Amino acid sequence: ITSLNGLLNSFAMCIGCYYLFKNDKRKYIYIIFAVLTLSRQVLITMAIESFVYNCFISPKEKMNKIICSFSIIAVVGFVLFTLIGNFRSGNGVMKQVFKPTSAYSDLPESIMWTYSYTEFSLSNFNNLVTMTNGGRNAGLSTLKFFLPNAITKRIKITPRDNAKYIISDNFNVSTWFPEIYLDFGLFGIIVFSVIIGLLGYYLYSNVFRYKTDKYALLYAVFVHNIIMFFFVNMFLYIPVAFQFAIILLIFKEKKYERFN
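### Observations concerning the packing of aromatic side chains
Line of reasoning, step 1. This structure, assessed with the given rule, holds 22 aromatic pairs.
Line of reasoning, step 2. Between the aromatic rings of Trp 176 and Phe 229, the centroid separation amounts to 4.9 Å while the plane-to-plane angle is 25 degrees, which identifies the pairing as stacked. Of the two residues, Trp 176 is situated in the loop between helix H8 (149-155) and helix H9 (178-210) and Phe 229 in the loop between helix H10 (213-227) and helix H11 (238-250); the sequence distance between them amounts to 53 residues. Comparing Trp 176 with Phe 229 shows no difference in burial state: the two are buried.
Line of reasoning, step 3. Ring centres of Tyr 204 and Phe 208 lie 4.9 Å apart, and the angle between their planes is 70 degrees; this geometry places the pair in the edge-to-face category. With Tyr 204 and Phe 208 both in helix H9 and four residues apart, the pair spans about one turn of that helix.

### Side note on a nonpolar patch on the surface
Line of reasoning, step 1. There is a patch of nonpolar side chains on the surface, built from Ile 1, Leu 4, Leu 7, Leu 8 and Phe 242 and spanning about 500 Å² of accessible area.
Line of reasoning, step 2. With three residues, helix H1 (residues 2-19) is the single largest residue contributor to the nonpolar patch.
Line of reasoning, step 3. Note on placement: Leu 7 falls in helix H1.

About the criteria used
Residues numbered from 1 in each chain as written. Predicted model: local features only at pLDDT ≥ 70, side-chain atom pairs only at ≥ 80, totals over all residues. Heavy atoms only, no water. Phe/Tyr/Trp six-rings, centres within 6.5 Å; stacked < 30°, edge-to-face > 60°. Helix = DSSP H or I, 4+ residues; strand = E, 2+ residues; numbered from the N terminus. Buried < 20%, exposed > 50% of the residue type's maximum accessible area, 1.4 Å probe, protein only. Patch = residues over 30% accessible without salt bridge, like charges linked within 9 Å, V, L, I, M, F, W, Y side chains within 5 Å. Areas by Shrake-Rupley, 256 points an atom, 1.4 Å probe, with all protein chains shown as cover. Salt bridge = Lys/Arg side-chain N within 4 Å of Asp/Glu carboxyl O.

As structure tokens, then:
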């Protein structure tokens, strides 16, 4: 059930982020959930958001420990990212997609995965730009990307310009541009960038103004989305975006002492 799965992923990312660097065994519930559901996104999101969140709430003397822990998590996460990718796709599939020349045929698949996610993201968007000037769907592409599948299948959203620009089905990342570009063209990209900039300023200012878990977590989700802009627009990816609603509903105005 895709919508239910997305909701559970959103909850796991949000609450897992809150507990990850705390001395609380509840964090293992969310880590195990991500591993059992083969969700690399939950693991990566949880780690990045938790690191940003703890940069605000943790005393200065604890930051070295958190940075060390985050480094270990990053290494383990990279290994899990590769292993889960191989498990989901099957051994040997990566080489078929990567198509290395004879000089690079012996590269570890982990390197192929990392390079491919970087290269295909740019190649997919470049392919889209060569196919269309965009600005033709008037919000339908964005709406279809954002809404749960259960809704889009019922109301049958059909964008006018539905260019099939993905070079390989194995790598559907394509930067944060495509949906906005298809809907509103270059002008839409500029406007969306300004809105995101204003949102970032608002959240960052309130982190220091109110010093609450709520704003620290909201800003952590924001920073995660900015980091992921190279791959996909996480502001339109509902399992990640729904964290904003979860934080506003669950976390109260509990103040913390920020380190000096």
